[in-house]
Structures are given as C-alpha cells and as structure tokens.
Amino acid sequence: MASPSLRDAVGGLDRDPFVSLLGKLIGESRRLQNDPPALVPQEDLVAQHVVDALLPVSTETGGGPLVVRKVSYAEGRSNVIVEYPGTVPGCAVSFVGMHMDVVPANPDEWDFDPFSLTFDSEDKDKLRGRGTTDCLGHVALVAQLMRRLGEVKPVLKHSVIAVFIANEENSLITGIGVDGLVKDGLLDKLKNGPLFWIDTADKQPCIGTGGVITWHLKAIGKLFHSGLAHKAINAMELNMEALKEIQTMFYNDFPPHEKEKLYKFATPSTIKPTKWSYPGGGLNQIPGECTISGDIRLTPFYSTTSVVKKLQEYVHDINENIEKLPTRGPVSKYVLPDENLRGRLEITIDEDIMNGVACNLESRGFQALCKATEEIVGHVEPYSITGSLPLIRELQDEGFDVQTAGYGLLKTYHAKNEYCLFSDMAQGFQVFLSIISQLEADV
C-alpha cells in the first residue's frame, strides 16, 4: 500500500482547481494545433498557465519549495521543468511527456466546440475538448500533483520532477522539445530513477510501442489509349503487383517475433498501403505513372535500418526481374521490347523514421507502476500496440528507465469529439502518489 502519511497529507485530486486549469488549457487549444507550416503551436500559452498555477508554491515567490523553470528553443514554444527537491542526492522520480501541443481539430466535424472545455449534461464525469485525453488533461493532472506537493511540503528522499514538453505531435521540426532538453543535459538527473512518460491511455502500463516507416512506391510505365492496351505499360497494374510482392517478402523477412507474446502486442509488424495518387487523366487512358504510399509499423524487436535496406533491395530485385512479375490479362505487360521500354519502380522513404520501444520489465519503475495500478485501478493488464510514441526510444537509448502510462481514453485519442473522465484522472493522481511512496520505501 502507498504510505498513509503521503496519501493522507496530499489527498485526492481536487476537482475544482483541476477543471479550472484544464479549462484554461483547452481554451488555448486552437493555437496549440501542430501541423506545420499551416499550424505552428504556441506552447508558451500553456506553459505560462502551468507556471502561474505553480508560482505561489515556488522558490521564486518564496511561497514554497518548487523550482520552476521555463526553457525555450523557439519563440513561443516553451518547455517547463518543475522540481520538488528531495533530501537524498541521486534519488529522483520523474513524470515526463505531458505535451502542450495537440493534433488539429475541425469544429465542423465535432458535436461540440473542440476549443473550449465543456461538460456532458448527463455525465459530469466527462470532460470534453481537444487535448483532454491527449495530452492537456495530463498537463493539468501532473501540474496539480506538483502544486499539492508544494502546498503540503512532505519530507521526501526522492526529488519529484515534472517535465512538460513542446512539439510532440509533429516531427518536421526538431530540437525544441524533450530532444532539446536531453541534448543540453537538462534532464540528466532523471537518470537517477524511473522516468514515467505520461501520454498513453486507459490507465494501464503500456510496455511496448511500434516504430514507423512511411514510404512511397512510384511505378513508371507507358501512358496510352485504353483501346490499344498492348502498346501500354499500365503503371497501376505494375504497382499493385509489385506491392503484393514486396509485402510477401517483408512478411517472410519480418515475421511475428517471439517476444511479441511476452509484451502482449496486439499485432505483429505490418506493411500496408494507405494512399494512392496519380497525375490524372481520362478513363480511356492507361496511366503511365502512379504512386502508392503507406507505412510500416514495426515491433521494437526489429531494426528500422534493416527494414529500410530490405525495402530498397526488394525494389531493386523487382526492377531487375520485371518480366517475372505477374501480369493481368493476355496483353498486360511491363516490358515493350520493340520500343526498348521497361516499366520500373522507385521507392522513397521519408526521413522521419520513428523507432518503437520495449520497456524494461525487470526495472523498479515497472514494478512500482504495476503495483500502483493494481492497488488503485483494481487490476493490472500491461499492453503493447504498434501505435507510436515519439522520443521515448531515444530517451531509453540515452540511459533513462522509461515506463509509460496515461489516464485518458484510447478510443478518443486523436479522434473527433475527444473527451476524458475526471474519475480516471483522479485514479492517475493516486497512482502517482503510490509510485512515489513505494520508491520512498526503498531508500
């Protein structure tokens, strides 16, 4: 059980200040949408609300022990580091990943205003608005945890550190969020204990995530009249057959991994098309080129570097043996010998490759999270998905003991009509207190 003294002293999540702060954050969410260049978030708007909530119990005002620091690498795009100092050097527990940007929302597609916090008239537990689940709800939650520690001033051996970050929802711009903080050594002391990345959902430990590789497969044939199909190289047929071959080779080379069962992955690694494009033309024209785009979701037991190399090899081999690729019908072909023409493929891999992560199931952080979850939520069921979380693999590679959890709802993640439940956030608050108490008992 969590320490009665800490639990009793800090209490539960107070609804009024939590909802008040969350309302301010959601009220800024129109300017927090992250989809550059059209939408560049201004996380400083949220950062300032967090700072304002914590300053009364900070060293800056003399009202409390919290050390509050804003760090910016781009104008208007702040991170916030908050520390409740412990008494034992080299002991720390941290809550990181509560990001202050959101994915875009189209108000015309929602049943309520996404950019203001509203309440369901029939269910006061439901808090609605863009960012309630991902991730402004967690920003408000951890801010309230730090505020209460600052108010109550419990004597803790561990320093409790919260890091609110910029720029999680888009990887086109780098170096201004947690990656910048790590590069500058501002999070080094977080290596002295478990780091809990608070940006998942459904109140259970998320122990594995997938890597992402996005690709574009272009087929180049010969455009011609559809009534003279024997004189064309149909780029659509070429691309469809080539993709089928690529998928077959991928699943042979990257089959379900034995560790996926241990980590309870919902799916193995996958490659699939998600988008089709071509230059346009009439229905009576056989297209001379087209592009199929898609992604690979890779469990963390395979190397993204190896996959990219294999994709390039697949395409090279198909181009070298284009005559052997299955055709569609008696005049379908990918080579026109009389014209010395060969269909061909080109593959492009986007630069923003993301690596998956497998959390350390032997670490003290994982043990504490599981025990706290079972104690507060009533059961513990760790899970893994090939959805992706940016940045955490890089933290793990830098030597951080990364564990992940979250208290929003997976079914509303990046979705229309996003909401969270106050009762879930309140349980998350108690989970955090239990984790801190367990770690305190170790020292």
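From a predicted model like this one, the values you see are computed outputs, not experimental measurements.

Quick word on the domain arrangement of the chain
- Looking at the chain, the domain boundaries give domain 1 (6-208 + 357-440) and domain 2 (211-349).
- Averaged C-alpha coordinates put domain 1 and domain 2 at centres separated by 40 Å.
- Residue-level contacts link 14 residues of domain 1 with twelve residues of domain 2.
- Between domain 1 and domain 2 the total buried area reaches about 990 Å² when both faces are included, carbon and sulfur atoms providing 59% of it.
- In this assembly, domain 1 and domain 2 are joined by zero salt bridges.
- At the level of secondary structure, the elements contributing two or more residues to the side of domain 1 that touches domain 2 comprise β8 (206-209), β17 (357-358) and β18 (383-384).
- Split by residue class, the side of domain 1 that touches domain 2 holds eight nonpolar, five polar and one charged.

Overview of the side chain of Q403
- You can see Q403 is positioned in strand β19 (residues 401-405).
- Only 3.0 Å separates the side chain of Q403 from the side chain of S363, close enough to count as a polar contact.
- When residues no more than four places from it in sequence are discounted, the contact partners of Q403 are L195, F196, W197, C359, N360, S363, G365, F366 and L369.

Observations regarding the pairing of strand β5 (residues 123-128)
- Both strand β4 (residues 118-120) and β5 contribute to a ladder of three bridges, which runs antiparallel. Within the sheet, the bridge partner assigned to D120 lies in β5 and is D123.
- As paired elements, β5 and strand β20 (residues 419-421) share three bridges and run antiparallel to each other. Bridging across to β20, R128 finds its partner in Y419.

Looking at the packing of helix α9 (residues 364-377) against helix α11 (residues 422-442)
- Close contact between α9 and α11 brings their axes to 8 Å; oriented N to C, the two are set at 130°. Classified by the interaxial angle, the pair formed by α9 and α11 is oblique. As α9 packs across α11, the resulting crossing turns out to be right-handed. Across the interface between the two elements, R364, Q367, A368, L369, K371, A372, T373, E375, I376 and V377 from α9 touch Q427, Q430, V431, S434, I435, Q438, L439 and D442 from α11.
- For the contact of α9 with α11, the residue count by class is eight nonpolar, six polar and four charged.

The rules behind these values
- Residues numbered from 1 in each chain as written.
- Predicted model: local features only at pLDDT ≥ 70, side-chain atom pairs only at ≥ 80, totals over all residues.
- Heavy atoms only, no water.
- Domains from an automatic or database assignment.
- Contact = heavy atoms within 4.5 Å.
- Buried area = accessible area lost by both parts, 1.4 Å probe.
- Salt bridge = Lys/Arg side-chain N within 4 Å of Asp/Glu carboxyl O.
- Helix = DSSP H or I, 4+ residues; strand = E, 2+ residues; numbered from the N terminus.
- Nonpolar A, V, L, I, M, F, W, Y, C, P; charged D, E, K, R; others polar.
- Polar contact = N/O pair within 3.5 Å; in protein donor to acceptor, adjacent residues only side chain to side chain.
- Pairing = 2+ DSSP bridges.
- Axes fitted to C-alpha atoms, helices over the stretch in contact; angles between N-to-C directions.
- Parallel < 35°, antiparallel > 145°, perpendicular 65-115°, else oblique.
- Left-handed = near helix turned anticlockwise from the far one by under 90°.

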